[in-house]
Each structure stands twice: as structure tokens, then as C-alpha cells.
Amino acid sequence: MKEYRIIDCHCHIYPEKITQKAVAGIESFYDHRYRGFDGTIATMLQNGEKSGVNRYVIFSVATSPRQVSSINRFIAENVRNNEDLFIGLGTLHPDSDNLEKDFEELISLGLKGVKLHPDIQQVAIDDERAKKIYALCSGRVPVLLHTGDYRYDYSNPDRMRRVIEEFSDCTFIGAHFGGWSVWDEAAEKLSGYPNFYVDTSSTFCDISAEKVSGLIDKYTADKVLFGTDYPLGDCGKEIALLEKAVDSQVSLKKILYGNAAKIFGLTDKFI
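Rules of the game
- Residues numbered from 1 in each chain as written.
- Predicted model: local features only at pLDDT ≥ 70, side-chain atom pairs only at ≥ 80, totals over all residues.
- Heavy atoms only, no water.
- Buried < 20%, exposed > 50% of the residue type's maximum accessible area, 1.4 Å probe, protein only.
- Helix = DSSP H or I, 4+ residues; strand = E, 2+ residues; numbered from the N terminus.
- Pairing = 2+ DSSP bridges.
- Phe/Tyr/Trp six-rings, centres within 6.5 Å; stacked < 30°, edge-to-face > 60°.

Another point: the pairing of strand S1 (residues 7-12). Across the 6 residues that make up S1, a large majority, 6, are buried. Bridge count for S1 against strand S2 (residues 55-59) is 4 bridges, and the pairing is parallel. Each bridged residue has a counterpart across the sheet, and for Asp8 the counterpart in S2 is Tyr56.

What follows is the structure, given as C-alpha cells:
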């Protein structure tokens, strides 16, 4: 893989004192169908280095408004300490009484986007509270969203489609190919929008390389970003599966690096 540059666009990190609890929580959310790594930054870097990863998009999710500022400062501190490796996304919470203040602090910290998790935050993706966040982000920074889950209704493809259409000036990234566990429905309803991208995280363990190839064809290689959902995914295994799914070297380079470089404003796009 040395001929490629790689950005892992979906990496959860946590303060050391809560890492073990956080990893247990994320594994529990997926009914322990994904058993990953220990959640430490050191392990993330070790695993990524073996696979030739050049950069990581890091973030965490606020489960209450009071966590927002401390999480964003934690992410920003790690970016400052690893400027050549990390791209940081901030978090916001739809129930915050100070969304504008929270957002401006996020921007002032140099964070490059916003990560939301409708299922964990228990706010529908098209709820009026969430829409206030999209309005703040429109034309300024992208929004990475957990999308899809057959068990919940917070982020189903119909809700996501309404948001994409209403906020056409906002760049959205739908994690897990736009709809975890409802991949076909998501691809049918969400492909073709100029402001909507997807990442590959938490997908390869559940579907075949052939199906992944079909999803990429549906969205097009210009709209797909590589991501592992660290601490759940193994870089090496997921890159190997992606290579099986993508025949074109040009498309592979876009998915592994170029598309993310464009979204996050990197100058070394390597497309």
C-alpha cells in the first residue's frame, strides 16, 4: 500500500481515564458484533502505521450539552500535539442552550467539522434542534453523521434525505455508507446529491466486497471516504477488502485520500 496516501476518516478517541468505559459502550451499542482495539491513541497510530495511514480524522460525541466544550478542547489539544497526523472534528449537542457559542468555540479551536450521532444523542436527524446545527455549519464546515440502524428511527434514509435537500449549502458525510444495516435503502435514496458523501466505516464486517463495490458504484467513487470506526475496525483488513471491491487505482486513491483531502481543505490532494 505504499503507493497510496491514506486518511482514516472515522476515528473515535477519548481521554485516557474513560477509554475503557467508552470502548465498552461503543461495542455494546453494536451488540458486540464488532470487537475492536483498546481505544487508545497509541494503538490507533500503531495499527494505522502498519497499513500506511498518513492522517486520521478524530472526534468524540457529546451525550449531554455540558460535555461539548471539554470534548472539543480535548480534540483540539490532540490536533495541536499531532498537527501532521490529525484532523479534528468537534461535537455539538442539539439540546444546548448556547449552540452558537459552542459552535464559535469549536471554530476558534481550529476544528474542521462537526460530528453528530443521532442515535446516541437521541435526537432525530431532521429534528428542528438538529437543523439549527446544520444552519450554523452550512457553507463553513462539513457535518459527519452516524446514519442508519434497523433498530432505531433517528437517522433513517428518509430523514437524511430531507436534511440533505433542505440544507443544500451544507456538506454532509453519512457514516457507514449512509445507512448502517440498511445499506441498500440508503444508497437508493441518498445517492446523487452533490452535498452528500459517505464513509466506509463499520461495513466490511457485514457485507461482501461485491456488495461494497455496488455501493461505491451507486454513490460514485467521488463521494466515498475510507474510515475504520476506530476502535472497532482494523485498518489493514479494511484496506484489503476495499482493494478487492475497487478495480480502478484512480478511484481507490480518491476513496483512500483525495476525497477527504478536498472536504477538509488539504493542499496535498493526491487525486
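There is more to say, and it comes next.
Moving on, we get to the packing of aromatic side chains. Summed over the entire model, instances satisfying the criterion amount to 8 aromatic pairs. Seen in terms of ring centroids, Tyr134 and Phe167 are 5.5 Å apart; in terms of plane orientation they differ by 70 degrees. Their pairing is edge-to-face. Here Tyr134, found in helix H6 (residues 128-137), pairs with Phe167, found in the loop between helix H7 (157-166) and strand S7 (172-174); they are 33 residues apart in sequence, far enough to count as distant. For the pair Tyr134 and Phe167, one class covers both residues: buried.

Turning our attention to unusual backbone geometry. Along the chain, Tyr230 connects to Pro231 via a cis peptide bond; the corresponding omega equals 15 degrees. Note on placement: Pro231 falls in the loop between strand S9 (224-225) and helix H10 (235-245). Of note, Ser181 is a non-glycine position whose phi angle comes to about 75 degrees, a positive value. Its location among the elements puts Ser181 in the loop between S7 and helix H8 (183-190). On the basis of relative accessible area, Ser181 is assigned to the partly exposed category, the value being 23%. Its identity as a non-glycine residue notwithstanding, Asp229 has a phi of 65 degrees, on the positive side. With respect to the helices, strands and loops of the structure, Asp229 is situated in the loop between S9 and H10.

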